[in-house]
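One letter stands for each residue in the lines below.
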Amino acid sequence: MSLELIRAAARTELDDNLHLGRLLVLLAEVDRGKGRPVEGITKLAKLDFLLRYPMCLERALSAADRRPELAKVDPHERTTIEAKMVRFKYGPWDSRYRRWLGLLAARGLVDVFIKGRTVNAKLSPAGIDVAYRMEEQESFTQLKERAKLISTVFGSMSGTRLKDFIYETFPELTSMKWGEEITL
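Residues numbered from 1 in each chain as written. Predicted model: local features only at pLDDT ≥ 70, side-chain atom pairs only at ≥ 80, totals over all residues. Heavy atoms only, no water.

1. Here we look at unusual backbone geometry
Right, so step 1: Unlike most non-glycine residues, Asp-65 shows phi in positive territory, near 60 degrees.
Right, so step 2: Residue placement: Asp-65 occurs in the loop between α4 (54-63) and β2 (85-86).
Right, so step 3: Of note in this structure, Lys-72 is not a glycine but carries a positive phi near 50 degrees. (Helix = DSSP H or I, 4+ residues; strand = E, 2+ residues; numbered from the N terminus.)

Next comes the structure, spelled out in structure tokens:
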């Protein structure tokens, strides 16, 4: 792998727009006409973890007594540089969710509100319009299908239950050091 390819992958990873698009599709599938928010940043991070890393989705589906092949992981996805994870401050989940929700809210695409002590996020009407237009594009078909699968299988879990499920399914996540590559 060339150094230039690694640099390009790193630049892409740092581009907020990549993550904002993925979150719009995920939030659209959680909502899907029900006006249902994602309750909690922890839950959003865990749902996005499964969307972002399809091989982990396979393992989570298996742990939930579902067929892992439903994730439809392409062979190239198993070896790409994006498939590798590094332990962040909060494990494999990124610490930028508050930033990304703020960016989406500033663009009028997401409504963020506090209910009790929980941050909730749901698409605004403009966000729904953008997400649905994205989903119509062929390049987002796979992402949409996985987001729908994740919402169907894991979307009804509370944030705490989903967090516990993830730690039960991926126990190695709790013993890793910062910056260490996560191999699942």
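2. Details of helix α6 (residues 125-135)
Right, so step 1: Along α6, the positions that sit buried rather than exposed are Gly-127, Ala-131, Met-134 and Glu-135. One side of α6 holds all its buried residues, which, seen down the axis, span an arc of 95 degrees.
Right, so step 2: Buried residues along α6 sit against α2 (16-31), β4 (118-123) and α7 (141-154). (Buried < 20%, exposed > 50% of the residue type's maximum accessible area, 1.4 Å probe, protein only. Arc of directions from axis to C-beta. Contact = heavy atoms within 4.5 Å.)

3. Thoughts on the sheet that holds β4
Right, so step 1: With antiparallel pairing, three strands are arranged side by side in an open sheet as β1-β4-β3. The sheet is open, and its two edges are formed by β1 (38-39) and β3 (110-115), each paired on a single side. (Pairing = 2+ DSSP bridges.)

4. Considerations on the pattern of salt bridges
Right, so step 1: Applying the stated criterion to the full structure yields eleven salt bridges.
Right, so step 2: Here Arg-22 makes a salt bridge to Asp-48, at a shortest N to O gap of 2.6 Å. Taken together, the residues span a long stretch of sequence, with Arg-22 in helix α2 and Asp-48 in helix α3 (residues 41-52) at a distance of 26 residues. For the pair Arg-22 and Asp-48, a shared accessibility class is recorded, and that class is buried.
Right, so step 3: For the salt bridge of Arg-161 with Glu-168, the shortest nitrogen-to-oxygen distance reads 3.8 Å.
Right, so step 4: Looking at Glu-168, the relative accessible area reads 53%, which means it is exposed.
Right, so step 5: Each of Glu-29, Arg-32 and Glu-135 takes part in one network of salt bridges that share partners. (Salt bridge = Lys/Arg side-chain N within 4 Å of Asp/Glu carboxyl O.)

Geometry only, nothing functional implied.
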